[in-house]
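Spelled out from the first residue to the last, the chains are:
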Amino acid sequence: MPRIGVFVCHCGENIAGTVDTAAVARAAAEFPGVVHSVDYKYMCSDPGQNLIKQAIREKKLTGVVVAACSPRMHEPTFRRACAEAGLNPFLCEMANLREHCSWVHERTAATTEKAIDLVRILVEKVKRNRPLYPINVPITRTALVLGGGIAGIQAALDIANAGHKVILVERQASIGGHMAQLSETFPTLDCSQCILTPRMVEVAQHPNITLYTYSELERLEGFIGNFRAVIRKKARSIDETACTGCGACIQKCPTKKIPSEFNAQLGMRTAIYVPFPQAVPNKPVIDREHCVYFKTGRCKLCERVCPAKAIRYDQEDMLIEVNVGAVVAATGYEVKGPDFFPEYGYGQYKDVITGLQFERLASASGPTQGVIRRPSDGAVPQTVVFVACAGSRDPAKGLNYCSKICCMYTAKHAMLYRHKVHEGRAYVFYMDIRAGGKMYEEFVRRAIEEDQVNYIRGRVSRIYERNGKLIVKGVDTLLNSRPVEIEADLVVLATAMVPQPDAEQLAQRMKVSYDEYGFLAEAHPKLRPVEMNTAGIFVAGACQAPKDIPESVAQASGAASKVIALFSKEELSREPLVAVVNRCAPPEYSTCIGCFLCESACPYQAIEREEIRTRDGKLIKTVAKVNQGVCQGCGTCVALCRSKSIDLQGFTNEQVFAELIAV
Amino acid sequence: MAAFEPKIVAFVCNWCTYAGADLTGTSRIKYAPNVRMIRLPCTGRIDFMLILQAFGQGADGVIVSGCHPGDCHYTAGNYHARRRWILFRRLLDFLGVDLRRIHFAWVSAAEGAKWAELVNEVAATIRELGPYDTFPKRLACRPEAVEVA
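Counting from 1, residues in each chain are numbered in the order their sequence is written. Here every chain gets a letter starting at A, and every ligand a number starting at 1, in the order they are written. Totals for whole chains, interfaces and linings use all residues, but because this is a predicted model, local features are given only for residues with pLDDT of at least 70 and pairs of side-chain atoms are given and counted only at 80 or more.

**Focus on the overall build of chain A**
Check the secondary structure of chain A and you find 18 helices and 36 strands. For this measure, only C-alpha atoms enter the radius of gyration; the expected value for a globule follows 2.2 Å times N^0.38, where N is the number of residues. Against the 2.2 N^0.38 benchmark of 26 Å for 663 residues, chain A shows a C-alpha radius of gyration of 32 Å, more extended than a compact globule. Once the C-alpha set of chain A is aligned to its principal axes, its extents read approximately 95 × 75 × 40 Å. Burial is judged by counting the other C-beta atoms within 10 Å of a residue's own C-beta: 20 or more makes it buried, 12 or fewer makes it exposed, and any count in between marks it as partly exposed, with every C-beta position built from the backbone. In chain A, which comprises 663 residues, the proportion classed as buried is 50%. Each residue is represented by a C-beta atom placed from its backbone, and any two residues with such atoms within 7 Å are regarded as in contact. At a minimum sequence separation of 6, the contacts of chain A that also span at least 24 residues come to 69%. Here a helix means four or more residues in a row that DSSP labels H or I, a strand means two or more in a row labelled E, and each is numbered from the N terminus.

The following block contains the structure:
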């Protein structure tokens, strides 16, 4: 027989002011199964909690209903109190007499009647509650970091420095990402490579980090603490252990005119190449698409000159399987090709370039060694026009969102240009200047005031060529919308930041959500900014939304600390409010008929298939099984189950039907 | 005889509507006391047998409310609920259940005022419709069928 205790709280006057709490306690005492019913001024206070604990001990209660505020407020408090008195915490329920009753109704008989009903509903429920115990799942204390840009590097280093193993996977031949391509960084103008390359080396040398470059995530299975990832290590055509990185092969390679990805197509590279001189690892890769040997079967010059005999033409992609406990997605961004603005002439005029290309022009390691020369004829441009928001904040032709970094890097570009070409004129067309950030506004003011960059508020309508000059037609909206026409030598478009072209496929592979643009969707925009809705997967950097370096690094450290917190225990303890498939004695074993409708409905892929076999291995039936590490307890499967074989702990059919009968 | 006061059962999800109704409380917005809320983790958990059972137990109206589409705490539970409802309502109609007594709504955790409005509106509608004594009782299981612990 159940022995239920009911504890009605006055919450000072909050409940007692509208509800006749004494009457509620008296009524509850008459409910079948209730052996103890009292009311008290403040149940959540120490004396109040002691009242509950004492009753549990003295009256040997098998269930407790606290009729007080919302369970979202004090359920943990009262469950803890029950646990301290030796009652399983899941045998405690709360009737919400405050938020759902006393605060929203007048002091009438109907209000007290409702309060009594609410208590009765929960009494009927708690009678059918079963003791539940936290679910413990083991944790593989190794993290998988996807993407070797600054976000991935930061996350990997933070996790590795905390003493955990990290597997860092980078798609390109070198880590470094976009930050390695940048010349100087705003707002300090310190050299990007100077601050990044030591970090890259640290990653390569860290004893806790295993680095897979030229590799991609092929598959991800499993759940928090227990993922199994398959990494495709693409054929580099080089034996990485033998290669010393001397570069003899690169010097001799006959195919020298391949547009360099690192230099944003402004420079050339060979078919066997390292992306840039400071690459980590500094081991070349053969671009099979362009290599003469792979195209014609002849050449092998690199093999002949390689002193370490490290060339492997027959190397194949390798699939590496790893077990990890957490994943950090830091796959970064791409800049949108400005091809959606044909009127700006990108692709048509060589001297209309993207911001990323300008970075390479301004970089000391770039194709022009940092001298600003325009791509068409190598002349130093005397007038440069920077067009902000090329594609961003443009619902009509581009993307709705603000790419966030363009205002700052455009100011930086204009400033760098003015520092390098003293007599040159720099113009910036902008919609608004968004310079929120530490020292950001000051930086933009410096560009305008000290470096005399001409800021024109208005958009550019068209760019075309006339007599060897690029004519930029725009409008100055601060001067009565006067049309402006500038004869420029070079035009730099601050093109929108977009997710990697295959971001959606990656998200699907990891079973995480993404937004309409393809940016990965964090679990909560305010309160869970580095977690994904799939437990154990975290996000950092620009793959989540456009952001600059400091923000990417901050988010990466945030994601890393989440991983470290997860790894701080050997086992993960979870609330047991999960679905279970019933099991019973032979010959049924389970009423599950194996239709696996639940499998198709589960948003978390928590349904597994379990084969029930006889002792000699003969298959009796295949039934559904819930992976308790993955299940989040939504109960969608329960509502869908045809044979009513799956139930949700804490909200079982029996409990909810009983609640209804009490209504 | 006292005026008819309907009994309304509300099936709400824990994350949006339950929290929204909490907000109604903290905002001290008054509404009709006719509603009894059943807290579930998600609208996706709502087996439609529960709705029939509510009517079988004498409810005159039912509210089903969860997170707005796209906002589900469990990613897609409310979509499941919505899809199921689209199919189920035709079946209910066929079985002779008065569809005017079932209200499907989305109330987020920020919509305390909306919850109060919803309850008042439904209470007014059901009050006008009168007691639901024509519900085909055979559609719900009898209370005795539920095992008492």
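**Comments concerning unusual backbone geometry**
All names here are of chain A. Residue Phe186 is joined to Pro187 through a cis peptide bond whose omega torsion reads -5°. Residue Pro587 is bonded to the preceding Pro586 through a cis peptide linkage, with omega at 5°. The phi dihedral of Lys644 is positive, around 55°, even though this residue is not glycine. Mapping Lys644 onto the fold places it in the loop between α17 (636-640) and β36 (646-648). A count of 13 C-beta atoms within 10 Å places Lys644 in the partly exposed class.

**A few points about the nonpolar core**
Across soluble globular proteins, nonpolar side chains have a tendency to be buried as a group. For the purposes of this analysis, a nonpolar core is taken to be any set of buried Ala, Val, Leu, Ile, Met, Phe, Trp, Tyr and Cys residues that are connected through C-beta atoms within 7 Å. Judged by nonpolar contacts, the single largest core of 143 residues is most densely connected at Ala155, Ala156, Val327, Val328, Phe386, Val491 and Phe538 of chain A. A per-element tally of this core places helix α12 (residues 406-420) of chain A first, with nine residues. In this structure, Ala156 of chain A is in contact with Val145, Val166, Leu168, Val203 and Ile209 of chain A, ignoring residues within four places of it in sequence. The next biggest cluster of nonpolar side chains, apart from the first, holds 125 residues, and it includes Tyr604, Ala606 and Val623 of chain A together with Ala123 of chain B.

**Thoughts on the interface of chain A and chain B**
Contact residues are listed per partner, giving 39 residues for chain A and 36 residues for chain B. The set of elements that each furnish at least two residues to the side of chain A that touches chain B consists of α4 (98-102), α5 (109-127), α17 and α18 (653-662) of chain A. A per-class count over the side of chain A that touches chain B returns 19 nonpolar, ten polar and ten charged. By the convention adopted, Pro, Cys, Tyr, Trp, Phe, Met, Ile, Leu, Val and Ala count as nonpolar, Lys, Arg, Asp and Glu as charged, and the other residues, Gly among them, as polar.

**Quick look at the packing of helix α1 (residues 21-29) of chain A against α5 of chain A**
All names here are of chain A. Between the N-to-C directions of two axes lies an angle of 0 to 180 degrees, each axis being a line fitted to C-alpha atoms and, for a helix, fitted only over the stretch in contact. At a minimum axis separation of 9 Å, α1 and α5 run at an interaxial angle of 40°. In this view, α1 runs oblique relative to α5, as classed from their interaxial angle. Between α1 and α5 the crossing geometry is right-handed. Across the interface between the two elements, Ala23, Val24, Ala27 and Ala28 from α1 touch Thr112, Ala115, Ile116, Val119 and Val123 from α5. Per-class residue counts for the contact of α1 with α5 are eight nonpolar, one polar and no charged. Note on terminology: angles under 35 degrees are roughly parallel, angles over 145 are roughly antiparallel, angles of 65 to 115 are roughly perpendicular, and the others are oblique. By convention the crossing between two helices is left-handed if the near helix lies anticlockwise of the far one by an angle smaller than a right angle, and right-handed if it lies clockwise.

**With respect to the domain arrangement of chain A**
Those domain boundaries reflect an automatic or database domain assignment. Looking at the assigned domains, one finds that chain A contains domain 1 (4-127), domain 2 (142-234 + 317-332 + 500-567), domain 3 (248-305), domain 4 (335-498) and domain 5 (579-662). Across the side of domain 1 of chain A that touches domain 5 of chain A, the residue classes break down as two nonpolar, no polar and three charged.

**Thoughts on the sheet that holds strand β25 (residues 469-476) of chain A**
All names here are of chain A. A pair of strands counts as paired when DSSP detects no fewer than two bridges linking them. Read from one edge to the other, the open sheet built from three strands follows the order β24-β25-β26, with strand pairing classed as antiparallel. Only two strands of the sheet have a single neighbouring strand rather than two, namely β24 (460-466) and β26 (482-488). Within this sheet the neighbouring strands show an average axis-to-axis angle of 20°, counted without direction. In the sheet, β25 pairs with β26 via seven bridges, with the strands oriented antiparallel. Bridged to Asp476 within β26 is Arg482.

**Structural notes on the pairing of strand β21 (residues 383-390) of chain A**
All names here are of chain A. When you tally the buried positions in β21, you get seven out of eight residues, the bulk of the element. Relative to strand β22 (residues 425-430), β21 is paired through five bridges, and the arrangement is parallel. Following the sheet pairing, Val387 is matched in β22 by Phe429. Where β21 and strand β27 (residues 490-495) come together, five bridges link them in parallel fashion. In the strand pairing of β27, Val384 is matched with Leu490.

**Remarks on the sheet that holds strand β12 (residues 226-233) of chain A**
All names here are of chain A. Taken together, three strands build an open sheet; the order of strands is β11-β12-β17 and the sheet is antiparallel. In the strand order of this sheet, the two ends are held by β11 (215-223) and β17 (318-324), each with one partner. Taking each pair of neighbouring strands and ignoring which way they run, the sheet shows an average axis angle of 20°. Strand direction decides the pairing type here: β12 and β17, joined by seven bridges, are antiparallel. Along β17, the bridge assignment pairs Ala229 with Val322.

**What to know about helix α2 (residues 46-59) of chain A**
All names here are of chain A. The end-to-end C-alpha separation of α2 is 19 Å, in line with the 20 Å expected for 14 residues at 1.5 Å each. The set of residues buried in α2 consists of Gly48, Gln49, Ile52, Ala55 and Ile56. Looking down the long axis of α2, one finds its buried residues gathered within 120° of arc, a one-sided arrangement. Among the exposed residues of α2, those oriented more than 90 degrees off its buried face are Asp46, Pro47, Gln54, Arg57 and Glu58. Directly beyond the C-terminal end of α2, a positive phi value near 50° is found at Lys60. Here a helix's expected span is defined as the number of its residues, less one, multiplied by 1.5 Å. Directions pointing from the helix axis toward each C-beta atom define the arc.

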